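Listed below are the residues making up each chain.
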Amino acid sequence: MQSIKLCSHVGADGILHLSIPTGITDKEIEVTVIYQQLEPSVPPKTPQELGWPAGFFEQTAGSLADDPIQRYPQGEYDTREPLE
């Protein structure tokens, strides 16, 4: 069994024409066609469209460069009973 995935265009007549080379000659084959309509791609939204103020990322990027964040010691982990 072979699987071939392709994208094709349905014309104004509503008929999908497929031409698939199989490498098989003079034999009976079974063909299964599953189709799914593709939605047109949507351009990504800008930060302003997502609710961020204009220039927010440009103004805040690197704002903590002179005041680095420190991670303090986390203490000891609890000792747990082993799983059986």
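You'll find the structure just up there.
A quick note: this is a predicted structure, and the numbers were derived from the prediction, not measured.

**Focus: the overall build of the protein chain**
Part 1: Along the protein chain, the regular secondary structure elements total 1 helix and 0 strands.
Part 2: In terms of overall size, the protein chain is more extended than a compact globule, its C-alpha atoms giving a radius of gyration of 29 Å where 84 residues would be expected to give roughly 12 Å.
Part 3: On the principal axes, the C-alpha backbone points of the protein chain span a range of 75 × 55 × 20 Å.
Part 4: Taking all 84 residues of the protein chain together, 0% fall into the buried category.

**Here's the deal with the packing of aromatic side chains**
Part 1: Taken as a whole and assessed by the stated rule, the structure comprises 3 aromatic pairs.
Part 2: Between Trp52 and Phe57, the ring centres sit 5.1 Å apart and the planes meet at 55°, which makes this aromatic pair tilted.

**Things to note about unusual backbone geometry**
Part 1: At Asp26, a residue that is not glycine, the phi angle is positive and equals roughly 55°.
Part 2: Within the secondary structure layout, Asp26 lies in the segment before α1 (56-60).

**Structural notes on the environment of Arg80**
Part 1: Secondary-structure assignment places Arg80 in the segment after α1.
Part 2: Overall, Arg80 belongs to the exposed group, its relative accessible area being 74%.
Part 3: Along the primary structure Arg80 and Glu58 are separated by 22 residues, whereas in three dimensions their C-alpha atoms are 47 Å apart.

Reading the values: rules and limits
Residues numbered from 1 in each chain as written. Predicted model: local features only at pLDDT ≥ 70, side-chain atom pairs only at ≥ 80, totals over all residues. Heavy atoms only, no water. Helix = DSSP H or I, 4+ residues; strand = E, 2+ residues; numbered from the N terminus. Rg over C-alpha atoms; globule rule 2.2 N^0.38 Å. Buried < 20%, exposed > 50% of the residue type's maximum accessible area, 1.4 Å probe, protein only. Phe/Tyr/Trp six-rings, centres within 6.5 Å; stacked < 30°, edge-to-face > 60°.

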